[in-house]
Amino acid sequence: MIAFFFIIIYLGPMVLMIIVMCVQIKCFHEIITIGYNVYHSYDLPWFRTLSWYFLLCVNYFFYGETVTDYFFTLVQREEPLRILSKYHRFISFTLYLIGFCMFVLSLVKKHYRLQFYMFGWTHVTLLIVVTQSHLVIHNLFEGMIWFIVPISCVICNDIMAYMFGFFFGRTPLIKLSPKKTWEGFIGGFFATVVFGLLLSYVMSGYRCFVCPVEYNNDTNSFTVDCEPSDLFRLQEYNIPEVIRSVIGLTTVWMYPFQIHSIALSTFASLIGPFGGFFASGFKRAFKIKDFANTIPGHGGIMDRFDCQYLMATFVNVYIASFIRGPNPSKLIQQFLTLRPDQQLHIFNTLRSHLADKGMLTAGTEDE
């Protein structure tokens, strides 16, 4: 599995997006199948059909938003895409309403309560699986490092928590997972933080990992070439006096991203495992050992990605809160779609603003 992970990284962002999409569909299938197996004897009309229809609707909405956001120039260039983009949310809502009406029409008197249970089951599954996979792709567009480091931290924590628990585990951590121990939980945390720092240091030096994934309209392909931001440039930091006496150094050279990696690895170690605990509780509730038997000896795909989905949400929120700023290229793209009078108004407003701040001279302003 680790070898497969490295192979898909080597194949590039487009393959990664396809893999994320396939994982999403398989996870949805595994969870919906559990519900179907539990209640199949009741012969609920249209349950599986409506579940997959809602999956299609939600994917159309989310990925349509992504295409409009990241392929703006291409969308505006092609007339059919431009129309679909303009009315995308209305089309998405209409598709959902069709599914909603189909569900209401499928209601059977003797199964009302059970059918509403399954309606909620489908929507919660969509929230857990589809929404999170959409965030994974958004993280990937920010740069492959925002995709690889969080996933690797979760994998590292899972492995190291097992190792520490196996050799030093004595104190049970939580009843949902009797084999989990405090020793493994704490040991996994420290090991993951160190791993995150080292992996971030290595990856921050390569443009193919740190540059945002962008669509090149000239070549009709994805590119990951840019001038790395300050986040991925080595900087000198002063070491606190308490630590100086221990390591004998006064300063250290680090990438700023390594500091952010501490937050990512901390979440992967302390909060990420609760995604696994949640999945364990879910399986215990339905008296099943694994979500499926897709991977021999490891259960289903959902068994391997139960912690990853929670991590994806955190990374997306973290980027939006502390990293991402206004994107000049997207602003220019939107500016070029405005009417000429609107463009002129924005130009005059911007020129006056820059002149008031002293960034334009009188001669420059007249030109």
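Residues numbered from 1 in each chain as written. Predicted model: local features only at pLDDT ≥ 70, side-chain atom pairs only at ≥ 80, totals over all residues. Heavy atoms only, no water.

Annotation from UniProt places "transmembrane region" (unreviewed entry) at residues 6-25, 46-63, 90-108, 115-137, 143-169, 181-203 and 259-279. Along residues 143-169, the helical share is 89% and the strand share 0%, with 37 Å between the first and last C-alpha atoms. Secondary structure over residues 259-279 splits into 90% helix and 0% strand, and the C-alpha atoms at its two ends are 30 Å apart. (UniProt positions renumbered as here; feature names shortened; annotations may be inferred. Helix = DSSP H or I, 4+ residues; strand = E, 2+ residues; numbered from the N terminus.)

This part is about the state of the cysteines. Enumeration over the complete set of coordinates arrives at 1 disulfide. Note that Cys-211 is cross-linked by a disulfide to Cys-226, the S-S spacing being 2.1 Å. Here the disulfide of Cys-211 and Cys-226 is left-handed, its torsion about the S-S bond being about -95°. Placement of the pair is Cys-211 in the loop between helix 10 (207-210) and strand 3 (214-216) and Cys-226 in the loop between strand 4 (221-223) and strand 5 (235-238), with a sequence separation of 15 residues. Relative accessible area serves as the criterion here: at 23%, Cys-226 is assigned to the partly exposed category. Free of any disulfide, Cys-27 has its nearest neighbouring cysteine sulfur in Cys-22, separated by 11 Å. What makes Cys-27 buried here is its relative accessible area of 0%. Counting only cysteine sulfurs, Cys-211 is the nearest neighbor of Cys-208, a cysteine outside any disulfide, at a range of 8.3 Å. (Disulfide = S-S within 2.5 Å. Buried < 20%, exposed > 50% of the residue type's maximum accessible area, 1.4 Å probe, protein only.)

Where charged atoms from two side chains of opposite charge come close, those side chains can pair. Per the counting criterion, the structure on display carries 9 salt bridges. Between Glu-65 and Arg-89 there is a salt bridge whose closest N-O contact spans 3.0 Å. Of the two residues, Glu-65 sits in helix 3 (residues 47-70) while Arg-89 sits in helix 6 (residues 88-106), which places them 24 residues apart along the sequence. Look at Glu-65 and you get partly exposed, because its relative accessible area is 24%. For Arg-339, the salt bridge identified is with Asp-341, shortest N-O distance 3.3 Å. For Asp-341, a relative accessible area of 46% gives the class partly exposed. Shared partners join several salt bridges into a network, and the residues in it are Arg-207, Asp-225, Glu-227, Asp-230 and Arg-233. (Salt bridge = Lys/Arg side-chain N within 4 Å of Asp/Glu carboxyl O.)

Here we take up the side chain of Ser-152. Examined against the element boundaries, Ser-152 turns out to sit in helix 8 (residues 145-168). The class for Ser-152 is buried, based on a relative accessible area of 10%. In contact with Ser-152, other than residues within four places in its own chain, are Phe-5, Phe-195 and Leu-199. (Contact = heavy atoms within 4.5 Å.)

To continue, consider helix 13 (residues 273-285). Relative to the 18 Å expected for 13 residues at 1.5 Å per residue, helix 13 spans 18 Å between its end C-alpha atoms, a close match to the ideal helical length. By the burial criterion, the buried members of helix 13 are Pro-273, Gly-275, Gly-276, Phe-277, Ala-279, Ser-280, Phe-282 and Lys-283. A positive phi of about 55° marks Lys-287, the residue just after helix 13. (Expected span 1.5 Å × (residues − 1).)

Each packed pair of helices is defined by two parameters, the angle between the axes and the distance between the axes. Two numbers describe how helix 8 lies on helix 9 (residues 182-203): the axes approach to 7 Å, and their chain directions differ by 145°. Here helix 8 runs over helix 9; the crossing is right-handed. Each of Ile-145, Ile-148, Val-149, Ser-152, Cys-153, Cys-156, Asn-157, Met-160, Ala-161, Phe-164, Gly-165 and Phe-168 in helix 8 lies in contact with helix 9, whose residues at this interface are Glu-183, Gly-184, Gly-187, Gly-188, Phe-189, Ala-191, Thr-192, Phe-195, Gly-196, Leu-199, Ser-200 and Met-203. (Axes fitted to C-alpha atoms, helices over the stretch in contact; angles between N-to-C directions. Left-handed = near helix turned anticlockwise from the far one by under 90°.)

Before going further, it helps to examine a nonpolar patch on the surface. Residues Ile-155, Ile-159, Tyr-162, Met-163, Phe-166, Phe-167 and Phe-168 make up a contiguous nonpolar surface patch of roughly 740 Å² in combined accessible area. Summarising the element assignment, Phe-166 is placed in helix 8. When its relative accessible area of 56% is taken as the criterion, Phe-166 is described as exposed. (Patch = residues over 30% accessible without salt bridge, like charges linked within 9 Å, V, L, I, M, F, W, Y side chains within 5 Å. Areas by Shrake-Rupley, 256 points an atom, 1.4 Å probe, with all protein chains shown as cover.)

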